[in-house]
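One-letter residues, chain by chain:
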Amino acid sequence: MSSSPNNVRQRGGKRATTPNPDSDTALLNGSANEKIEQLKSATKDVVTKEWDYKLALGIITILAFITRFWGISHPNQVVFDEVHFGKFASYYLQRTYFFDVHPPFGKLLFAFAGWLVGYDGSFLFENIGDSYITNKVPYVAYRSMPALMGSLTVSTTFLIMWESGYSLPATIVAASIVLFDNAHIGQTRLILLDATLVLFMALSVLCYIRFYKLRHVPFGRKWWKWLLLTGISMSCVISTKYVGAFTFFSIGVPVMIDLWDLLDVNRKQGALGLPDFGKHLGARIIGLIVVPFLMYLFWFQVHFSILSRSGPGDDFMTPEFQQTLSDNLMTQQAVGIDYFDNIAMKHKETKVYLHSHVDKYPLRYDDGRISSQGQQVTGYPHNDTNNLWQIIPSAPLEGLGHKVKNGDVVRFR
């Protein structure tokens, strides 16, 4: 004979008794109350734990600002590569064109700091050891930009560890390693690009962690936000120095692994179909490739828009580009050339003139080489009438006054 489902077997082999409805109700209520109390306790523990992290973050951030800004005015002279990046900031403020191997984002930030304090960029940071005080340079404002970046890098390191789920002691230790890193402190107190580079590297990692934690709720507002912020941060890295390309590799590998996992048949939610996988792939291409590339181009647009005056970078550019710059010497001295005009041509690097005279090359040289005995054409460093060449049209022209146009095929005599 089967027992009633309401019967409960007692421990110790005691005989089952007839259930009491009032007792069962009280038991259920007690169990529910116990669960509610446990939930409240767990919530309280989470809130308390979160406040512990926030308090530690606040203390770490304050210490970061103290260590980066304390005595930032010393030394009051040009130090190391400040001679380069301070000069570039002055060129931006003077709108004078220059050429540099690094992308413009980090240098634009220095120029922005100078612009905020109303500096005109008159000091060009020519020599290491030049006095900032004597030349009235707002160098503290310049140095405050990397100091701010360095301070925020410490806080970002703390947040990376927190978001990754590490314990509070481990998080504090990791942030403290950056906080008290002597090399990092030194670099972030000078007018250098490294503070900007390292901060946006850290921000790229932090944003990707936040994005990855939302992988089970894709295409939501927060999912898109952290994906795009990851791409923007990576763009700022490579727009500061090209060594930032390694950040794309560091983020790209986890992205590829994550995409591969989406096709895993053993995945808890099941493998994605190709249409859904295509959406994930397309979103990542847009957020991590297209958007960063467009932002990278944007900083160059800003760069070329600001630098509208002729400067020391002219020689690196084509004549067509140099013509777009105001005060360009070549443009100011340019004159129209007609056919049958006589001109002299000077080599840009060696500074010698294209030179010719009536003498011919020998038919046979001493080493056995044979020539066509053509007219001698050489480079000559001095002014001479044999440096003049007449421009002859490749096809017969009637009369004089015909302009030589770009792309014309001409002969020289």
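First, a word on what this report is: a plain description of the structure on this page. Given the structure is predicted, the values throughout are model-derived calculations rather than measurements. (Residues numbered from 1 in each chain as written. Predicted model: local features only at pLDDT ≥ 70, side-chain atom pairs only at ≥ 80, totals over all residues. Heavy atoms only, no water.)

Next up on the list: the overall build of the chain. Summing up its helical and strand segments, the chain has twelve helices and five strands in all. Going through the 413 residues of the chain one by one, you find that 34% of them count as buried. For the chain, contacts bridging at least 24 residues in sequence account for 68% of all contacts bridging at least 6. Entry remark: accessible area of the chain is about 25700 Å², with carbon and sulfur atoms responsible for 61%. (Helix = DSSP H or I, 4+ residues; strand = E, 2+ residues; numbered from the N terminus. Buried < 20%, exposed > 50% of the residue type's maximum accessible area, 1.4 Å probe, protein only. Contact = heavy atoms within 4.5 Å. Areas by Shrake-Rupley, 256 points an atom, 1.4 Å probe, with all protein chains shown as cover.)

With that settled, the discussion passes to a nonpolar patch on the surface. A cluster of nonpolar residues, L281, I285, I286, I289, V290, F293, L294 and L297, forms a patch on the protein surface that exposes about 690 Å² of accessible area. On the secondary structure map, L281 appears in helix α10 (residues 274-306). Exposure remark for L281: the relative accessible area of 34% places this residue in the partly exposed category. (Patch = residues over 30% accessible without salt bridge, like charges linked within 9 Å, V, L, I, M, F, W, Y side chains within 5 Å. Salt bridge = Lys/Arg side-chain N within 4 Å of Asp/Glu carboxyl O.)

Viewed as axis vectors pointing N to C, helix α8 (residues 221-238) and α10 meet at an angle of 35°, and their least axial separation amounts to 8 Å. When you trace α8 past α10, the crossing you get is right-handed. Within the contact between the two elements, α8 uses W223, W224, L227, L228, T230, G231, I232, M234, S235 and I238 and α10 uses H280, A283, R284, G287, L288, V291, P292, M295 and Y296. (Axes fitted to C-alpha atoms, helices over the stretch in contact; angles between N-to-C directions. Left-handed = near helix turned anticlockwise from the far one by under 90°.)

For the peptide bond that leads from H74 to P75, omega is -5°, which places it in the cis range. Inspection of the secondary structure assignment puts P75 in the loop between α1 (21-69) and α2 (82-94). Despite not being glycine, F80 shows a phi value in the positive range, around 50°. Residue position: F80 is located in the loop between α1 and α2. With phi around 60°, Q373 is a residue other than glycine that occupies positive phi space. Tracing the chain through its elements places Q373 in the loop between β2 (353-360) and β3 (375-380).

All right, on to the pairing of strand β4 (residues 388-393) then. Judged by how many residues are buried, β4 sits mostly within the fold: five of six residues are covered. Across three bridges, strand β1 (residues 342-344) lies against β4 in antiparallel orientation. The residue bridging I343 from the neighbouring strand is W389, located in β4. (Pairing = 2+ DSSP bridges.)

A few words on helix α3 (residues 105-116). In this model, α3 (twelve residues) spans 17 Å end to end at C-alpha, consistent with the 16 Å of a helix rising 1.5 Å per residue. Those residues of α3 not exposed but buried are F105, G106, K107, L108, L109, F110, A111, A113 and G114. On its buried face, α3 is in contact with α2, α4 (139-163), α7 (194-212), α8 and α10. Once α3 ends, the next one or two residues include G118, with phi positive near 80°. (Expected span 1.5 Å × (residues − 1).)

A few words now on the nonpolar core. With 39 residues, the main nonpolar core has F110, F125, Y132, V137 and Y142 as its most contacted residues. Every element with two or more residues in this core is listed here: α2, α3, α4, α7, α8 and α10. No other element matches α2, which puts seven residues into this core. Residues contacting F125, with those up to four places away along its chain left out, are V78, E82, V83, G86, K87, S90, Y132, V137, Y142 and I191. Within the second largest apolar cluster, 15 residues are counted, among which are W223, W226, I251 and L262. (Core = buried A, V, L, I, M, F, W, Y, C linked by side-chain atoms within 4.5 Å.)

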